[in-house]
Amino acid sequence: MTDFEKLGVFYIGRPVDPVTRETLAEPLLYDSRDLTTHAVILGMTGSGKTGLGVSLLEEAILDGIPVIAIDPKGDLGNLLLTFPDLAAADFRPWIDESAAAREGRTPDEHARVTAELWRAGLAKWDQTPDRIARFAAAAERCLYTPGSRAGVPVCVLGSFAPPAETLDEDAKRESVQASVSGLLGLLGLDADPLQSREHILLSTLLAHAWAAGRALDLPTLIQQIQTPPVQRIGVLDLDSFFPPGDRFALAMALNNLLASPGFEVWTEGAPLDAASLLYAPGGRPRLSIFSLAHLSDSERMFFVTRLLGELVSWVRAQPGSQGLRALLYMDEVFGYLPPTANPPSKQPLLTLLKQARAAGLGVVLSTQNPVDLDYKALSNAGTWLLGRLQTERDKLRVLDGLESAAVGAQLDRAEIDRTLSGLGPRRFVLNNVHEDGPVLFETRWALSYLAGPMTRDQIRRISQSDVSSPAPPASPRATTPAWQTAPRQTASTEAEVASAARPVLPPEIDEAFARVTRPAGAGQSLVYRPCLAAAVNLHYANARAGIDRWDRLALWIPLEDDIPADPWSDAREFGTRLPELDAAPVADARFADLPPSAANTKTHMQWKKLLASFLYRERPLRIRTSRQPKLVSEPGESEDAFLGRVREGLREARDLQIEKLRTRYAPKLATLQSQIATAEQRVEVETEQYRDSQVQSALSIGTTLLGAMFGRKLASSRTLGRATTAMRGVSRTSKQKGDIGRAEERVEDVRQRMRDLELEFERDLNALQAQIDVSPIELDELLVSARKADIAVERFLLLWTPWWIGADGVAEPA
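Residues numbered from 1 in each chain as written. Predicted model: local features only at pLDDT ≥ 70, side-chain atom pairs only at ≥ 80, totals over all residues. Heavy atoms only, no water.

Draft legend 1. Seen up close, the overall build of the chain. Helix and strand counts for the chain come out as 21 helices and 27 strands. Counting across all 814 residues of the chain, residues that qualify as buried make up 48%. Counting only contacts in the chain whose residues sit at least 6 apart along the sequence, the fraction spanning at least 24 positions is 76%. In the structure as shown, the chain presents an accessible area of about 38,000 Å², 52% of it carried by carbon and sulfur atoms. (Helix = DSSP H or I, 4+ residues; strand = E, 2+ residues; numbered from the N terminus. Buried < 20%, exposed > 50% of the residue type's maximum accessible area, 1.4 Å probe, protein only. Contact = heavy atoms within 4.5 Å. Areas by Shrake-Rupley, 256 points an atom, 1.4 Å probe, with all protein chains shown as cover.)

Draft legend 2. Broad picture of the pattern of salt bridges. Under the defined criterion, the tally for this structure stands at 46 salt bridges. Of the charged contacts in the structure, one is a salt bridge between Arg 131 and Glu 59, with a shortest N-O distance of 2.9 Å. Within this pair, whereas Arg 131 is found in helix α5 (residues 129-137), its partner Glu 59 is found in helix α1 (residues 49-62), the two being separated by 72 residues in sequence. For Glu 59, a relative accessible area of 3% translates into the label buried. Residues Asp 108 and Arg 92 are paired through a salt bridge, measuring 2.9 Å at the closest nitrogen-oxygen approach. (Salt bridge = Lys/Arg side-chain N within 4 Å of Asp/Glu carboxyl O.)

Draft legend 3. Representation of the nonpolar core in the model. Judged by nonpolar contacts, the single largest core of 89 residues is most densely connected at Leu 183 and Leu 352. The leading source of residues in this core is helix α12 (residues 297-317), at 10 residues. Grouped together as the second largest cluster of nonpolar side chains are 54 residues, Ala 69, Phe 83, Trp 118 and Tyr 329 included. (Core = buried A, V, L, I, M, F, W, Y, C linked by side-chain atoms within 4.5 Å.)

Draft legend 4. Representation of helix α17 (residues 456-464) in the model. What α17 keeps buried is the set Gln 458, Ile 459, Ile 462 and Ser 463. Projected down its long axis, α17 shows its buried positions confined to an angular sector of 130°, all on one face. Facing away from the buried side of α17 by over 90 degrees, the exposed positions are Asp 457 and Gln 464. Buried positions along α17 lie against β5 (140-144) and β10 (286-291). (Arc of directions from axis to C-beta.)

Draft legend 5. Here's a closer look at the side chain of Arg 286. Note on placement: Arg 286 falls in strand β10. For Arg 286, a relative accessible area of 1% puts it in the buried group. A polar atom in the side chain of Arg 286 sits 3.3 Å from the side chain of Glu 140. (Polar contact = N/O pair within 3.5 Å; in protein donor to acceptor, adjacent residues only side chain to side chain.)

Draft legend 6. Just the pairing of strand β11 (residues 326-330), in detail. Burial analysis of β11 places five of its five residues in the buried class, the great majority of the element. Here β11 shows no split at all, with Ala 326, Leu 328 and Met 330 on one side and Leu 327 and Tyr 329 on the other all buried. As paired elements, strand β4 (residues 67-71) and β11 share four bridges and run parallel to each other. Across the sheet, Ala 69 pairs through a bridge with Tyr 329, a residue of β11. In this sheet, strand β12 (residues 361-367) lies alongside β11 in parallel orientation, the contact comprising five bridges. Residue pairing across strands places Tyr 329 opposite Val 364, the latter belonging to β12. Tracing the backbone out of β11, into helix α13 (residues 346-355) and back to the parallel element β12 gives a crossover that is right-handed. (Pairing = 2+ DSSP bridges. Right-handed = clockwise from strand over helix to strand, strands pointing away.)

Draft legend 7. View of the layout of surface pockets. If you add up the space inside the second largest pocket, you get close to 820 Å³. Along its surface, the second largest pocket is lined by 28 residues, and Lys 6, Leu 29, Arg 662, Leu 669 and Phe 761 are the ones closest to its centre. A total of seven residues in the lining of the second largest pocket trace back to one element, the largest contributor, which is helix α20 (residues 639-710). When grouped by side-chain class, the residues that make up the lining of the second largest pocket number 16 nonpolar, four polar and eight charged. (1 Å grid on protein atoms, 1.4 Å probe; cavity = no way out; pocket = protein on both sides within 12 Å on 5 of 7 lines; lining within 4 Å. Points joined across faces, edges and corners; volume = space filled by probe spheres on them. Nonpolar A, V, L, I, M, F, W, Y, C, P; charged D, E, K, R; others polar.)

Draft legend 8. Just the sheet that holds β10, in detail. An order of β2-β1-β15-β14-β13-β3-β12-β11-β4-β10-β5 is seen for the 11 strands of this open sheet, with the pairing classed as mixed. Pairing within the sheet leaves two strands with one partner each, and these edge strands are β2 (28-31) and β5. Taken over all neighbouring pairs, the strand axes of this sheet differ in orientation by 25° on average, direction set aside. Sheet analysis places strand β3 (residues 39-42) next to β12, joined by four bridges and oriented parallel. Counted as the bridge partner of Val 40 is Leu 365 from β12. Sheet contacts for α12: β4, β10, β11 and β12; angle to β4, the most-contacted strand, approximately 160°. (Axes fitted to C-alpha atoms, helices over the stretch in contact; angles between N-to-C directions.)

Draft legend 9. Inspection of the packing of helix α8 (residues 218-226) against helix α10 (residues 244-259) at higher detail. As a packed pair, α8 and α10 sit with axes 8 Å apart at the nearest point and diverge in direction by 165°. Looking at the two axes, α8 sits roughly antiparallel to α10. Relative to α10, the crossing made by α8 is left-handed. Between α8, through Leu 218, Pro 219, Leu 221, Ile 222, Ile 225 and Gln 226, and α10, the contact on the second element is made entirely by Arg 247, Phe 248, Leu 250, Ala 251, Leu 254, Asn 255 and Leu 258. Considering only residue class, the contact of α8 with α10 consists of 10 nonpolar, two polar and one charged. (Parallel < 35°, antiparallel > 145°, perpendicular 65-115°, else oblique. Left-handed = near helix turned anticlockwise from the far one by under 90°.)

Draft legend 10. Quick peek at the side chain of Thr 305. Looking at the element boundaries, Thr 305 is found in helix α12. Not counting residues up to four positions away in its chain, the partners in contact with Thr 305 are Ala 178, Gly 182, Pro 344 and Ser 345.

Draft legend 11. Expanded view of the packing of aromatic side chains. Enumeration according to the criterion identifies 18 aromatic pairs in this entry. Plain terms: the ring middles of Tyr 528 and Phe 591 are 5.2 Å apart, the flat faces sit at 25° to each other, and that makes the pair stacked. Of the two residues, Tyr 528 is situated in strand β18 (residues 525-542) and Phe 591 in strand β22 (residues 590-592); the sequence distance between them amounts to 63 residues. Given the relative accessible area of 3%, Phe 591 is considered buried. Its end group placed over the ring of Trp 94, Arg 461 keeps NZ or CZ at 4.8 Å from the ring centre. The ring of Trp 803 carries Arg 529 above its face, with NZ or CZ at 4.1 Å from the centroid. (Phe/Tyr/Trp six-rings, centres within 6.5 Å; stacked < 30°, edge-to-face > 60°. Lys NZ or Arg CZ within 6 Å of the ring centre and 35° of its normal.)

Draft legend 12. Local environment of the sheet that holds strand β25 (residues 779-784). Read from one edge of the open sheet, three strands run β24-β23-β25, paired in antiparallel fashion. This sheet does not close on itself; its edge strands, each paired only once, are β24 (631-632) and β25. Summarising the sheet, strand β23 (residues 621-626) and β24 pair through two bridges and their orientation is antiparallel. Bridge pairing links Thr 625 to Val 632 in β24.

Draft legend 13. Structural view of the pairing of β3. Burial along β3 is two-sided: the face carrying Ala 39 and Ile 41 and the face carrying Val 40 and Leu 42 are both buried. Both β3 and strand β13 (residues 383-386) contribute to a ladder of four bridges, which runs parallel. Across the sheet, residue Leu 42 finds its bridge partner in β13, namely Leu 386.

Draft legend 14. Highlighting unusual backbone geometry. Positioned with a positive phi, Asp 126 is a non-glycine residue whose angle comes to about 60°. Locating Asp 126 in the fold gives a position in the loop between α4 (107-124) and α5. One non-glycine residue, Glu 332, adopts positive backbone phi at about 50°. Relative to the elements of secondary structure, Glu 332 occurs in the loop between β11 and α13.

Draft legend 15. View of a negative patch on the surface. There is a patch of like negative charges on the surface, built from Glu 560, Asp 561, Asp 562 and Asp 593. With respect to the helices and strands, the residue Asp 562 is situated in the loop between β19 (547-558) and β20 (572-575). (Patch = residues over 30% accessible without salt bridge, like charges linked within 9 Å, V, L, I, M, F, W, Y side chains within 5 Å. Lys, Arg positive; Asp, Glu negative; His and termini not counted. Charge placed at Lys NZ, Arg CZ, Asp CG, Glu CD.)

Draft legend 16. Region of interest: helix α7 (residues 197-211). Taking 1.5 Å of rise per residue, the 15 residues of α7 would be expected to cover 21 Å, and the 21 Å separating its terminal C-alpha atoms lies within 8% of that figure. Those residues of α7 lying buried are His 199, Leu 201, Leu 202, Ser 203, Leu 205, Leu 206, Ala 209 and Trp 210. Where α7 is buried, its residues meet α6 (169-186), α8, β7 (232-233), α9 (238-241) and α10. Two residues or fewer past α7, Gly 213 is found with a positive phi of approximately 75°. (Expected span 1.5 Å × (residues − 1).)

Here it is as structure tokens:
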């Protein structure tokens with residue numbers, strides 16, 4: 001295992017000597033936890049900014065961290081171009097043939113040269129083809145194209161689904177604001193949430209629907225603009241605040257959007273659900289790339305705002321995390337977080353930068369110019385990756401921002417200024433508030449083939465290959481009322497069951513009518529069918545699992561001639577709430593025949609008792625548990641989501657144990673480093689003394705010889721004494737030479753102890769990596785029955801469901 005394949009760290013390049021500007025041999029490792037304080041990548045075109053961003057995302061995926069990447073330019077689709085064999089045939093479909101022609105090569109020759117270039121580049125940075133294979137297998141990768149079928153389309157306007165019920169009111173209000181701002185931006189309206197009556201009206205309608213637990217699709221929203229379910233906005237009546245004629249104009253603008261060519265693509269595809277974008281079935285991490293290059297500016301703003309709003313809701317629903325749980329990367333953030341303007345995307349981005357850290361979501365923003373970013377955003381970034389900048393003004397703004405983010409630490413502004421002025425391609429300054437000071441480094445070679453921005457044809461080609469993963473399943477939050485999915489019937493069947501008169505029921509039977517949400521087509525008439533429906537509260541309690549929860553549930557069963565003794569055995573679910581209800585039917589509607597038993601009060605009482613028994617018997621709460629780490633799933637949490645949480649727990653436990661391991665070894669390493677420094681200093685002292693002694697001995701011997709030969713007036717005894725002293729000097733010199741040898745042995749001994757300690761640390765680290773394996777996870781299941789005495793039936797009613805019957809006899813939900 002190469003020394004950069006360590007747990008919880010990213011291999012992003014190698015340090016560069018700031019004096020000689022030579023790239024050093026050791027890898028530069030970045031602690032993944034530091035990204036929870038977010039990062040900013042700054043660099044002009046040609047600085048290597050995209051390659052650095054790709055490398056960061058590759059390292060995150062290799063470490064099992066899911067990624068959502070927003071790609072306005074179309075470059076990040078290159079993360080799907082991974083060729084472990086490094087064969088020329090793999091590169092050939094993605095070669096720029098015009099670039100090959102400029103080089104005087106055929107496309108096949110250019111592909112071969114490119115493959116050799118990539119093999120040599122990876123080898124230079126100590127990366128093997130096996131690392132490419134591990135990256136490709138580490139996560140499911142999917143390339144999304146909102147508003148287009150070139151990649152995987154995204155269902156953005158199918159419905160505005162309510163956020164999780166666990167969110168606080170502030171979070172729900174922000175989610176409403178982001179959704180409405182994005183929608184009005186799609187219409188070209190720069191609407192202020194506090195001043196625009198369009199924004200206030202749509203926010204009121206959306207909040208009203210979400211308060212009732214209902215999703216709101218665009219056709220329903222258009223209808224509610226004309227006939228809102230509220231009569232007052234603030235203290236003003238509706239018509240005074242927003243006259244009917246003006247509301248009709250707004251409804252027409254949205255209707256034109258709904259009727260525009262290609263709009264249906266925005267209502268199909270993968271749901272905009274953060275959990276399924278981050279984790280695949282089985283809890284496997286995802287790399288979700290959203291390519292937006294094909295969209296107009298208003299469409300990009302709309303989509304980015306919706307996606308960021310979804311991520312804010314996801315963050316608010318997560319428990320706290322000390323490690324990096326997920327990563328949001330946005331390339332070319334220009335226009336989405338400006339310093340002065342206030343586009344719809346700005347507020348959710350600022351919210352993420354301020355609050356996502358607590359949930360373990362790291363945010364990385366990349367742009368060419370620091371003036372593209374709001375100053376508050378820059379001050380929230382703990383890591384700065386600075387490449388070559390375009391203007392002196394850009395450099396000054398960066399230096400000001402670094403001083404602001406230093407938080408009391410010493411910052412050599414002049415030195416960083418000089419370093420930034422001399423940066424070349426692929427060279428960056430890393431300033432991390434968690435480290436001692438800035439580091440100049442060169443980015444490593446990317447594992448993915450950087451072919452440049454992808455065209456629609458290329459996106460279509462890569463999406464149809466086996467590289468891109470299938471889209472996530474439909475979001476569980478965007479549900480269709482179950483009765484609307486019943487099979488269609490023919491005219492003869494409807495004619496047999498439908499009568500003109502509404503049945504007369506005893507006053508004790510609660511009766512209501514599901515609201516008609518779709519206008520009639522040509523030649524259609526309305527028929528109501530009878531159902532039995534109930535809204536209940538269930539209390540689940542289990543002290544061992546720490547469960548004490550009330551759940552809401554809405555059920556229904558069709559009322560037909562052959563009603564079984566226990567009708568609830570075939571019950572179907574609405575979800576947590578009943579559909580929107582009216583107290584009276586639509587005028588001129590017909591009614592299907594009602595079975596005689598359904599008009600009997602005693603029968604209804606019996607069915608209500610059977611409902612309680614059915615819920616106790618057949619509706620236990622299924623709880624999943626994991627042994628390592630010891631976690632219990634939340635009620636309603638899918639297995640995939642729970643597996644993702646278990647993997648996060650394992651990763652956090654791993655990071656904690658790695659930190660403990662580092663803490664345990666740090667004092668020993670520091671002591672040995674100090675001993676090595678002391679021993680080396682001793683060698684230098686002994687060497688210096690030895691050299692001085694050699695000189696003194698030579699002088700003494702020389703003086704003695706000269707005195708003996710030429711000193712006529714010197715007594716022979718003095719000459720003899722000097723000779724004796726000179727010989728003692730030679731003896732001391734010999735002893736000091738031995739002292740040097742002993743000092744050097746001491747240095748080598750301490751260095752060997754340092755090597756032994758490093759090997760011991762490496763063994764412990766490898767053992768820890770083998771011990772904490774996030775791949776095989778065993779889950780147990782715990783069934784918790786509802787407390788029989790606490791089963792509360794909030795409402796039990798005879799529900800009439802509306803259907804449109806066409807001239808051809810086909811029935812469709814109304």
